[in-house]
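The lines below spell out each chain.
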Amino acid sequence: MQGGQMVVDGPVRLASVLTPSKPSFLPSLTKVIGTLGPNSRSVQVIEACLKAGMSVARFDFSWLDDDYHQETLENLRIAVKNVKRLCAVMLDTMGPALHVQNKTGKPIMLMADTHVTITSDVTREPSAEILPVNYSGLAKAVKKGDTIFVGQYLSTGIEATSVWLEVLETSGPDIICLVKNTATLPGFIFNVHVSQVHIDLPTLTDFDKQAISNWGSRNKVDFVSLSYTRHASDVRELRDFIKANNLHETQIFAKIETVEGLKHFDEILQEADAVILSRGNLGIDLPPEKVFLFQKSAINKCNMVGKPVIITRVVDSMTSNLRPTRAEATDVANAVLDGADGILLGPETLRGLYPIEAIRTVGRICAEAEVVYNQSLHFKRISKHVGEPLSDAESVASSAVRAATITKAAMIVVFTSSGRAARLIAKYRPSVPLFAIVIPRIKSNSLKWSFIGSSQARQLLGVRGVYPILASPNVATSGGSSEESGLKLALDHGKSVGLLKPNDQVVVFQKIGDSSVVKIVAIRDQQYV
């Protein structure tokens with residue numbers, strides 16, 4: 001198991017703690033995913049979130065309906081146009097989630113050491129004595145001593161809104177439980193999670209299929225996050241379904257949030273395009289002392305095969321506070337040092353009081369951790385894992401990163417249509433920004449010609465260190481001058497954000513004919529040679 005490595009020169013690093021952080025020309029290399037909802041769906045707030053560093057907008061279909069999410073998405077599109085920044089769209093499925101529906105919305109107080117009955121009779125009204133759950137097979141699935149978690153912590157980030165229950169016995173469809181802690185359950189819906197118990201419901205539910213076929217297909221979403229992924233077959237089923245709904249370019253994030261998914265992690269990783277480690281549910285399913293072990297192991301496996309890995313539940317306290325706790329700030333940094341590609345903010349931006357500050361704060365912590373990230377050690381581990389002989393593409397990609405390190409280049413530029421070349425370079429974790437010039441491809445059928453590339457560009461926003469720039473269709477049709485035009489586009493952007501200055505060097509990865517090559521470009525005043 002690897003992870004958590006940093007480069008520390010004692011006196012220098014300790015002195016840097018007292019030095020104000022340098023202003024950043026770009027967001028952190030580590031990506032920040034924000035969940036849009038009640039406190040973060042206006043055009044004004046979304047614009048501020050984008051400027052603060054949000055690169056992917058998550059739409060959680062566990063809550064609210066298509067119309068609500070569509071209105072939020074339209075606001076996102078306006079905000080993207082206003083601030084002139086790309087933002088990817090992620091549809092997060094509900095999956096086999098269990099819940100208690102509290103139609104009255106009246107808070108329910110449960111007292112420690114009292115008894116409460118969980119029943120599958122959803123006609124019953126929730127109270128301190130009975131909690132109806134939307135799953136008829138729960139009583140058969142649990143046994144004496146099992147732990148059941150009920151409340152809104154997973155959606156609010158506030159522990160006081162949740163209760164731990166211990167199963168004492170079952171009686172037909174009912175489960176008699178001992179309340180382990182005093183808590184008040186507010187709101188209309190309470191999440192229910194049973195630790196390490198198989199729930200015999202499909203991972204891709206009928207509700208999810210409807211959301212994908214209607215909202216997802218209509219909006220050509222960039223990512224689908226498959227909640228409660230438990231087997232590789234879950235990912236294959238989703239892949240077939242999205243293709244059947246004309247989402248051929250959409251990528252799948254497998255969301256690992258149970259021990260069952262953990263047991264099949266290697267097979268799931270092979271099938272998925274990326275992975276989300278959902279530590280909210282994992283923190284319930286696993287003993288607390290085991291969560292970090294899985295995190296480090298899973299991140300390392302994703303790093304070795306070059307697939308993005310995202311960490312959740314890092315600054316829960318920012319749902320109601322302007323600053324994270326010291327432990328949370330350290331947790332974010334450790335995720336970066338472990339090798340995470342991104343941080344996903346859920347309740348912090350969905351319902352939190354400070355969504356913009358949460359994004360900005362997480363980005364700053366990530367950027368500070370990136371300064372001491374041990375890129376050299378990571379490079380060696382990747383090279384050792386890949387082994388020899390290297391493929392041509394792998395050889396040139398690793399050479400681009402090595403060249404950037406040796407020449408102390410200010411940035412790397414890569415030309416790509418599918419995004420594959422950019423991902424391959426990012427796999428070696430360059431310590432400088434990687435600008436991916438996405439060249440649109442011409443697609444035709446018997447009726448019309450069209451360009452594709454915008455989705456490929458946005459999908460790179462989920463990869464650490466990659467800053468995609470979508471080239472205009474003119475670049476794609478300009479023949480031999482396309483690479484020159486694309487390089488000028490990247491360099492001009494680098495200069496505009498203050499990243500490039502005279503005498504800086506830039507590493508360029510490009511294809512010439514059938515070969516991939518790396519070259520080094522030096523900036524001379526306003527020109528490059």
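I will try to describe carefully the structure that is included in this document. Because the structure is predicted, anything quoted here is derived from the model rather than measured. (Residues numbered from 1 in each chain as written. Predicted model: local features only at pLDDT ≥ 70, side-chain atom pairs only at ≥ 80, totals over all residues. Heavy atoms only, no water.)

Right, let's talk about the sheet that holds strand S6 (residues 115–119) for a bit. Judged by pairing direction, the sheet is mixed, and its seven strands sit side by side in the order S4-S12-S8-S9-S10-S6-S7 without closing on themselves. Bordering the open sheet on either side are strand S4 (98–101) and strand S7 (130–132), each of which pairs with just one other strand. Averaged over all pairs of adjacent strands, the angle between their axes in this sheet comes to 30 degrees, without regard to strand direction. In this sheet, S7 lies alongside S6 in parallel orientation, the contact comprising three bridges. Along S7, the bridge assignment pairs Ile118 with Leu131. (Pairing = 2+ DSSP bridges. Helix = DSSP H or I, 4+ residues; strand = E, 2+ residues; numbered from the N terminus. Axes fitted to C-alpha atoms, helices over the stretch in contact; angles between N-to-C directions.)

With that settled, consider empty space enclosed by the protein. A complete count under the given rule lists three cavities of 30 Å³ or more for this structure. Looking at the second largest cavity, its volume works out to about 70 Å³. As for the second largest cavity, its lining consists of Cys302, Asn303, Gly306, Lys307, Pro308, Asp341, Arg423, Ala426, Lys427, Arg429 and Val463. Mapped onto the lining of the second largest cavity, the elements with two or more residues apiece are helix H11 (288–305) and helix H17 (420–426). Residues of the lining of the second largest cavity, tallied by class, amount to four nonpolar, two polar and five charged. (1 Å grid on protein atoms, 1.4 Å probe; cavity = no way out; pocket = protein on both sides within 12 Å on 5 of 7 lines; lining within 4 Å. Points joined across faces, edges and corners; volume = space filled by probe spheres on them. Nonpolar A, V, L, I, M, F, W, Y, C, P; charged D, E, K, R; others polar.)

Let us now look at the pairing of strand S3 (residues 88–92). It is a general feature of regular strands that their side chains alternate between the two faces of the sheet. The element S3 is extensively covered by neighbouring structure, given that five of its five residues are classed as buried. The alternating pattern of S3 places Ala88, Met90 and Asp92 on one face and Val89 and Leu91 on the opposite face, and all of these are buried. In the sheet, strand S2 (residues 54–60) pairs with S3 via five bridges, with the strands oriented parallel. Bridge pairing links Asp60 to Asp92 in S3. Handedness of the crossover is the feature at issue here: the chain leaves S2, passes through helix H3 (residues 66–83), returns alongside S3, and the resulting connection is right-handed. (Buried < 20%, exposed > 50% of the residue type's maximum accessible area, 1.4 Å probe, protein only. Right-handed = clockwise from strand over helix to strand, strands pointing away.)

Attention now goes to the sheet that holds strand S16 (residues 309–312). An order of S1-S2-S3-S13-S14-S15-S16-S17 is seen for the eight strands of this closed barrel, with the pairing classed as parallel. Each adjacent strand pair in this sheet contributes to an overall mean axis angle of 25 degrees, direction not counted. With four bridges joining them, strand S1 (residues 31–35) and strand S17 (residues 342–345) adopt parallel strand pairing. When the bridges of S17 are listed, Lys31 appears paired with Gly342.

Before going further, it helps to examine helix H14 (residues 355–371). End to end, H14 covers 25 Å across 17 residues, agreeing with the expected 24 Å (1.5 Å per residue, within 8%). Residues of H14 that are buried: Pro355, Ile356, Ala358, Ile359, Val362, Gly363, Ile365, Cys366, Ala369 and Glu370. Packing partners of the buried residues in H14 comprise S1, helix H2 (43–52), S2, helix H12 (326–338), S17 and helix H13 (347–350). (Expected span 1.5 Å × (residues − 1). Contact = heavy atoms within 4.5 Å.)

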